[in-house]
Structures are given as structure tokens and as C-alpha cells.
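One letter stands for each residue in the lines below.
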Amino acid sequence: MRRNIVAGNWKMNLNHPDSSRLINEINKIDVNSDVELIVAPPSVYLSTFNEIQHHFSLSAQNVHFEENGAFTGEVSAEMLSSLNVNYAIIGHSERRSMFHETDDIIFKKVKSLLKHDVSPIFCCGELQQEREEGRAFDVVSKQLNHLLTHLKEDQIRNIIIAYEPVWAIGTGLTASPEDAQNMHKHIRDSIANQFSLKTAENISILYGGSCKPDNAKDIFSQEDIDGGLIGGASLDSKSFLSIANSFS
Ligand code: 13P
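What counts and what doesn't
Residues numbered from 1 in each chain as written. Predicted model: local features only at pLDDT ≥ 70, side-chain atom pairs only at ≥ 80, totals over all residues. Heavy atoms only, no water. Axes fitted to C-alpha atoms, helices over the stretch in contact; angles between N-to-C directions. Helix = DSSP H or I, 4+ residues; strand = E, 2+ residues; numbered from the N terminus. Parallel < 35°, antiparallel > 145°, perpendicular 65-115°, else oblique. Left-handed = near helix turned anticlockwise from the far one by under 90°. Contact = heavy atoms within 4.5 Å. Core = buried A, V, L, I, M, F, W, Y, C linked by side-chain atoms within 4.5 Å. Buried < 20%, exposed > 50% of the residue type's maximum accessible area, 1.4 Å probe, protein only. Expected span 1.5 Å × (residues − 1). Bend = angle between axes of the 7 residues up to and from the residue. Near = heavy atom within 4 Å. Polar contact = N/O pair within 3.5 Å; in protein donor to acceptor, adjacent residues only side chain to side chain. Areas by Shrake-Rupley, 256 points an atom, 1.4 Å probe, with all protein chains shown as cover. Salt bridge = Lys/Arg side-chain N within 4 Å of Asp/Glu carboxyl O. Pairing = 2+ DSSP bridges. Nonpolar A, V, L, I, M, F, W, Y, C, P; charged D, E, K, R; others polar.

Let's talk about the packing of helix α11 (residues 213–220) against helix α12 (residues 237–244)
Link 1 in the chain: The interhelical angle for the contact between α11 and α12, taken along N-to-C directions, is 20°, at an axis separation of 8 Å. Taken together, the axes of α11 and α12 are roughly parallel relative to one another. Crossing geometry of α11 relative to α12 is assigned as right-handed. For the pair formed by α11 and α12, the contact residues are Pro213, Ala216 and Phe220 on the first element and Ser239, Ser242 and Ile243 on the second.

Written out as C-alpha cells, the structure reads:
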């Protein structure tokens with residue numbers, strides 16, 4: 001179901017006391033009821049956060065595609081599901097570049113998550129050079145290809161897509177609202193062409209990349225932008241709240 005979403009990707013930040021402080025602050029946040037708040041803390045905190053009464057949804061930052069077994073250090077989709085974790089971020093550019101995750105690996109993760117009723121937050125986005133060379137749309141289309149060609153219509157409906165231009169992540173640079181809108185429209189049109197307009201209209205597509213309180217309103221006002229996947233600004237409850245209240 002398409003809805004407004006603001007998701008905080010904490011990445012590998014905050015020790016236990018600091019994470020508890022932030023989650024308690026977020027838990028007090030009063031957000032418009034038609035915005036879904038998602039928090040993606042480091043996986044060691046998922047179980048503790050799940051035990052407190054909360055009005056946000058929980059997301060993992062990663063998952064392994066295998067069911068179980070000798071994969072030291074990894075976490076499976078079934079484990080997330082058994083903790084009532086509703087989402088998992090996958091395909092983030094940091095995992096693509098630093099942990100060598102390919103489109104094939106990422107798609108295996110999609111399938112494992114869907115099998116266990118955990119919704120993937122599927123990240124895609126181009127490098128600066130790819131944008132400068134006019135290849136941004138092709139790059140994102142290629143990253144989406146497995147989803148579009150191998151998933152069934154009822155499966156794609158359970159996916160959230162996050163467009164994160166790599167050059168905007170953690171840099172303070174943001175895609176202009178128009179450039180972001182153009183890419184979001186491209187993504188939605190691709191889903192409509194492969195499946196149906198109805199399905200495309202029902203998918204939330206988030207923007208990520210230096211989204212902050214001072215630019216969120218302009219970005220979220222675009223027709224095909226349904227919210228944000230927030231990195232740095234999600235580590236401060238006031239910024240996170242302000243972004244979450246930036247829908248007009
Ligand atoms: P920043 O908001 O820090 O640019 O990070 C975006 C991001 O990578 C969210 O997944």
C-alpha cells in the first residue's frame with residue numbers, strides 16, 4: 001500500500017546508552033497519523049527495541065539470503081520475522097560498494113525476505129560519474145531489472161523502493177526536487193509498464209541522500225516522492241521529527 005514513510009537508517013552509529021536515549025525520544029514523537037515512521041538501528045538493538053511499546057516500525061539494515069546454517073555473523077530473514085521486524089534495507093550503495101553485493105545477491109535477499117513476510121526496502125541509485133555521463137536512468141533500470149522481471153505482481157506490492165543517488169549520500173549534496181521526481185517517475189513508470197498502473201500507484205518510493213529538515217518539504221512535495229530514507233539526520237530526534245512532519 002502506498003503511504004508516506006520516513007525511515008531512519010542509523011547505519012553503524014550509537015552505542016547502547018545513546019541508542020536507548022534516541023529511541024526513547026523518537027517514541028515520544030508526535031507524527032501525523034498518515035506518516036509511517038520506520039527505524040533501522042544496528043541489528044544488535046532490534047530485539048531490545050522490539051520489547052518496548054513503540055509507534056514506529058522496525059527495520060533491519062541487512063539480511064543474509066540463506067535460511068540458516070554456517071554463515072558466521074549473519075542474520076536470516078526468518079530471524080527478523082520471528083522478532084516481528086517488518087522491514088529490511090537491502091541493496092544500499094554502501095553494501096554494494098564496500099561489501100561487493102551484486103544485483104544477483106540482492107535479489108536473493110529480496111526473495112528470502114518476501115518468503116518470511118518481511119518487506120524489503122530496496123535501494124537503488126547512480127554514481128556521480130554515471131549521472132554526468134547521462135546514464136542515471138539506465139543504471140537504476142538495471143538495478144531494478146530482477147525485481148521487474150522475476151517477481152509476481154503481488155510480490156512487488158510488498159516492496160518499498162528507495163532512490164538514493166550515491167553522490168548525495170552523506171555529502172550534503174541533494175538531488176534537486178525535479179531531478180529526484182524525474183527518477184521516481186521513471187521507477188514508477190517502469191513498474192507500471194511491467195505490471196500495471198494500479199500496482200505502480202500503490203508502491204511507496206522514498207528519496208535518500210542528504211535529506212534534512214530544510215529540504216524535506218520541497219522533496220516530499222513532488223508527485224512521485226512518498227517520503228525519505230534518512231541517514232545522518234535520523235540520529236537526531238528533532239531533525240527526524242521535523243522531516244517526518246514535512247509532508248504538506
Ligand atoms: P544521508 O541522509 O546521511 O545522506 O544518508 C542517506 C542514506 O544513505 C540512507 O540510507
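Here we look at the nonpolar core
One recurring pattern in soluble globular proteins: nonpolar side chains tend to sit buried together.
Link 1 in the chain: Membership of the largest hydrophobic core comes to 64 residues, with the highest contact counts inside it found for Val6 and Ile187.
Link 2 in the chain: In this view, Val6 contacts Val35, Glu36, Leu37, Ile38, Phe220, Gly228, Ile230, Phe240, Ile243, Ala244 and Phe247; residues no more than four positions away in its chain are not counted.

As for helix α7 (residues 136–150)
Link 1 in the chain: Under the 1.5 Å per step criterion, the end-to-end length of α7 is 22 Å for 15 residues, consistent within 8% with the ideal 21 Å.
Link 2 in the chain: The axis of α7 is deflected most strongly, by about 50°, at Leu144.
Link 3 in the chain: What α7 keeps buried is the set Ala136, Val139, Val140, Gln143, Leu144, His146, Leu147 and Leu148.

Here we look at the site of the ligand
Link 1 in the chain: Every residue close to the ligand is listed here: Asn9, Lys11, His92, Glu164, Ala168, Ile169, Gly170, Gly209, Ser210, Leu229, Gly231 and Gly232.
Link 2 in the chain: Separating an oxygen atom of the ligand from a side-chain N or O atom of Asn9 is a distance of 3.0 Å.
Link 3 in the chain: Separating an oxygen atom of the ligand from a backbone N or O atom of Ser210 is a distance of 2.7 Å.
Link 4 in the chain: Taken by itself the ligand offers 300 Å² of open surface, and the protein chains cover 96% of this.

Some words on the pattern of salt bridges
Side chains that differ in charge, positive against negative, can pair when their charged atoms come close.
Link 1 in the chain: Taken as a whole and assessed by the stated rule, the structure comprises 17 salt bridges.
Link 2 in the chain: A salt bridge links Glu101 to Lys109, with the shortest nitrogen-to-oxygen separation between them at 2.8 Å. For the pair Glu101 and Lys109, a shared accessibility class is recorded, and that class is buried.
Link 3 in the chain: The residue Asp179 makes a salt bridge to Arg131 at a minimum N-O spacing of 3.9 Å. Highlighted residues: Asp179 in helix α9 (residues 177–194) and Arg131 in helix α6 (residues 128–132), separated in sequence by 48 residues.
Link 4 in the chain: With a relative accessible area of 33%, Asp179 lands in the partly exposed category.
Link 5 in the chain: For Arg131, a relative accessible area of 25% translates into the label partly exposed.

Observations concerning the sheet that holds strand β5 (residues 119–124)
Link 1 in the chain: Spatially, β1-β2-β3-β4-β5-β6-β7-β8 is the arrangement adopted by the eight strands of the closed barrel, whose pairing is parallel. Taking the axes of each pair of neighbouring strands and ignoring which way they run, one obtains an average angle of 25° across the sheet.
Link 2 in the chain: Bridge analysis of strand β1 (residues 4–9) against strand β8 (residues 227–230) gives four bridges, and the strand direction is parallel. Directly across from Ala7, in β8, lies its bridge partner Leu229.

Quick word on the packing of α7 against α9
Link 1 in the chain: Relative orientation of the contacting elements α7 and α9 amounts to 35°, with a least axis distance of 11 Å. The crossing of α7 and α9 is right-handed. Seen from α7, the contacting residues are Ala136, Phe137, Val140, Ser141, Leu144, Leu148 and Thr149; seen from α9, they are Asn182, Met183, His186, Ile187, Ser190, Ile191 and Gln194.
Link 2 in the chain: Its residues assigned to classes, the contact of α7 with α9 shows eight nonpolar, six polar and no charged.

Looking at the side chain of Ser76
Link 1 in the chain: Following the sequence through the fold, Ser76 ends up in the loop between β3 (57–60) and α3 (77–82).
Link 2 in the chain: Given a relative accessible area of 5%, Ser76 falls into the buried group.

That's the geometry; what it means functionally is another story.
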